[in-house]
Amino acid sequence: MATVAEQWVLVEMVQALYEAPAYHLILEGILILWIIRLLFSKTYKLQERSDLTLKEKEELIEEWQPEPLVPPVSKDHPALNYNIVSGPPSHNIVVNGKECINFASFNFLGLLDNPRLKAAALASLKKYGVGTCGPRGFYGTFDVHLDLEDRLAKFMKTEEAIIYSYGFATIASAIPAYSKRGDIVFVDKAACFAIQKGLQASRSDIKVFNHNDMDDLERLLKEQEIEDQKNPRKARVTRRFIIVEGLYMNTGTVCPLPELVKLKYKYKARIFLEESLSFGVLGEHGRGVTEHFGISIDDIDLISANMENSLASIGGFCCGRSFVIDHQRLSGQGYCFSASLPPLLAAAAIEALNIMEENPGIFAVLKEKCKRIHKALQGIPGLKVVGESISPALHLQLEETTGCRERDVKLLQEIVTQCMDRGIALTQARYLEKEEKYLPPPSIRVVVTVEQTEEDLEKAAHDQRGGPDRAALVWDLVATPRTTLRPSSRECRVMEIYRCIRGAQSTGLRGTIEREPGKEGAHGVRAPCRHGAPGWVLEGCSGSSWNAP
């Protein structure tokens, strides 16, 4: 039976072959020939080698110039010419051997040199030693770490807290622990660099809204809602996050948290709140922007802050619901792979929390001093104050830019240097210009602390406003209403004329840049005499020489 069946199949195949159209047979033949060719042909052709002579090799080696490992950096770059601090950077700070009033360190509550913190750290040092030499999961968890996490959770009125050994890595590790590829993150345009790095590591889809612009944020949320309706299956597995700062590092402004919470529930998103500046500053008890606005802590999915400002320690923490925080113990890269926080710093942070709880009035004192310095800095010629009156970190920016960021930085640095000479320690806000997504304009950062006295605040405001012989000269250069320099002249001669003015200070002259009447493009320096003599114009400044007409 089997033989008969095989014969019958063979007969059917032959009949099908005869009945098939001619083009079908030709196509099958071509395919068979192509398969045979592929089976027996070589997959690649060996290239003929041309061996170089020894002389040719040496010439090629001499001609080859490797690309530099890093781009060239000017010797005048601020990172290569840093100020050296001697002693604790508390109320009075010694910079480059000169004692100054500290308006640069984020020591908001004045706890950095507090005797109680130093005593707690010293006791911990004697008990545990210096470091931990291991991550939290590998014999790096000490009892003092658990105590600090418990204290932070109770202070913030959350279920649980987790601490990191590096403040920058806190939010940069927390964001990619939750937001993954395919998730959507709505982030403020003024977000700090740590948030930017966390977003980069998350590989999520980033949507940026204008700084503190809730209408722009809602527009993006509506657009995403329309996109979700086109693909409901994808929308069900896509998570949406809103990431903001409580008090923005780059602008000194407070986020509109009540409006953010409304948008969260309306569009079903999660809020991550970075409170490195607002923790220990805002609110009746220093709990941050949630207490400042009276928002329930349960409305915020995750709160992150560092302990390097108000607590005068090192590291950072996240707090929230237990199941949210526990996830970081498995997925937070900075937590899992970095050595844990040195016990002496954890002990110092616990003592700082004790002081904050024992002295809640300290936050009202800080708030009043912030308002005072904010008001005193208003109206400085050529500069504008950026930041809210309750922010302890304000920015002074040029009212009118010179058209070149490098020149703006140099002008602001002249102000910082002159204030340093007069005993006021300030600093410029520094950024990684090639790494920042939206680079903020150059600015001088003014930091207010509870240690600063009324006399200190008045002196700082007066010196930054400009005394009779130094800082006011810079204001005149950059923003005097009489200044009418053309862009080309401003680019070439502002710094040169300023050096001339500096060189003439010993003669008692003060000046502002002016165009000489009747001469297009001619520029000089109007320099009234100390004794009230009629003004005269100095032209053709070069170095420290002065050529009177």
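What counts, and at which threshold
Residues numbered from 1 in each chain as written. Predicted model: local features only at pLDDT ≥ 70, side-chain atom pairs only at ≥ 80, totals over all residues. Heavy atoms only, no water. Pairing = 2+ DSSP bridges. Helix = DSSP H or I, 4+ residues; strand = E, 2+ residues; numbered from the N terminus. UniProt positions renumbered as here; feature names shortened; annotations may be inferred. Axes fitted to C-alpha atoms, helices over the stretch in contact; angles between N-to-C directions. Parallel < 35°, antiparallel > 145°, perpendicular 65-115°, else oblique. Left-handed = near helix turned anticlockwise from the far one by under 90°. Contact = heavy atoms within 4.5 Å. Nonpolar A, V, L, I, M, F, W, Y, C, P; charged D, E, K, R; others polar. Phe/Tyr/Trp six-rings, centres within 6.5 Å; stacked < 30°, edge-to-face > 60°. Buried < 20%, exposed > 50% of the residue type's maximum accessible area, 1.4 Å probe, protein only. Salt bridge = Lys/Arg side-chain N within 4 Å of Asp/Glu carboxyl O. Expected span 1.5 Å × (residues − 1).

**A word on the sheet that holds strand β12 (residues 393-398)**
Taken together, 4 strands build an open sheet; the order of strands is β11-β12-β15-β14 and the sheet is antiparallel. Looking at which strands have only one partner, the edges of the open sheet turn out to be β11 (383-386) and β14 (427-428). Taken together, the 4 bridges between β11 and β12 define a ladder with antiparallel strand orientation. When the bridges of β12 are listed, lysine 384 appears paired with glutamine 397.

**Overview of the UniProt feature "transmembrane region" (unreviewed entry) in the protein chain**
In this structure's numbering, the residues bearing the UniProt feature "transmembrane region" (unreviewed entry) are residues 20-40 and 161-179. Helix makes up 90% of residues 20-40 and strand 0%. Its end C-alpha atoms lie 29 Å apart.

**What about the packing of helix α4 (residues 115-128) against helix α14 (residues 343-358)?**
Interaxial distance between α4 and α14 falls to 8 Å at its minimum, and their mutual angle equals 150°. Taken as axis vectors, α4 and α14 run roughly antiparallel relative to one another. Of the two possible hands of crossing, α4 and α14 adopt the one that is right-handed. Contacts from Arg116, Leu117, Ala120, Ala121, Ser124, Leu125 and Tyr128 of α4 reach α14 at Pro343, Leu344, Ala347, Ala348, Glu351, Ala352, Asn354, Ile355 and Glu358. By residue class, the composition of the contact of α4 with α14 is 11 nonpolar, 2 polar and 3 charged.

**Re the packing of aromatic side chains**
Applying the stated rule across the entire model yields 9 aromatic pairs. Aromatic pair phenylalanine 106 and phenylalanine 108: ring centres 5.7 Å apart, planes at 45°, arrangement tilted. Take phenylalanine 106 and phenylalanine 108: they sit in the same class, and that class is buried. Residues tyrosine 178 and phenylalanine 272 carry aromatic rings whose centres are separated by 5.5 Å and whose planes lie at 75° to one another, so their mutual orientation is edge-to-face. Pair noted here: tyrosine 178 is in helix α6 (residues 167-178) and phenylalanine 272 is in strand β8 (residues 270-274), with a separation of 94 residues, a long-range link.

**Describing the pattern of salt bridges**
Under the counting rule described, the total for this entry stands at 20 salt bridges. The closest approach of N and O atoms between glutamate 149 and arginine 329, which form a salt bridge, is 3.5 Å. Of this pair, glutamate 149 sits in helix α5 (residues 143-156) while arginine 329 sits in helix α12 (residues 322-331), and the two are 180 residues apart along the sequence. Judged by relative accessible area, arginine 329 falls into the partly exposed class, the value being 23%. The partner of lysine 266 in a salt bridge is glutamate 218, with the nearest N and O atoms 2.8 Å apart. Note that lysine 266 is positioned in helix α10 (residues 257-267) and glutamate 218 in helix α8 (residues 214-230), a separation of 48 residues in sequence. Salt bridges linked by common partners bring Arg136, Glu149, Glu160, Asp326 and Arg329 together as one network.

**Notes on the sheet that holds strand β3 (residues 98-102)**
With mixed pairing, 4 strands are arranged side by side in an open sheet as β1-β2-β3-β13. This sheet does not close on itself; its edge strands, each paired only once, are β1 (85-86) and β13 (424-425). Across 2 bridges, the pairing between β3 and β13 is parallel. Bridge pairing in β13 links asparagine 102 to alanine 425.

**Observations regarding helix α16 (residues 405-421)**
When the terminal C-alpha atoms of α16 are compared, their 24 Å separation across 17 residues agrees well with the 24 Å that a helix rising 1.5 Å per residue should span. Buried residues of α16: Arg407, Asp408, Leu411, Leu412, Ile415, Val416, Gln418, Cys419 and Met420, and no others. Taken from the residues just after α16, glycine 423 is the one with a positive phi, measuring 90°.

**What about unusual backbone geometry?**
The backbone of cysteine 133 sits at a positive phi, close to 55°, despite the residue not being glycine. By the secondary structure assignment, cysteine 133 is in the loop between α4 and α5.

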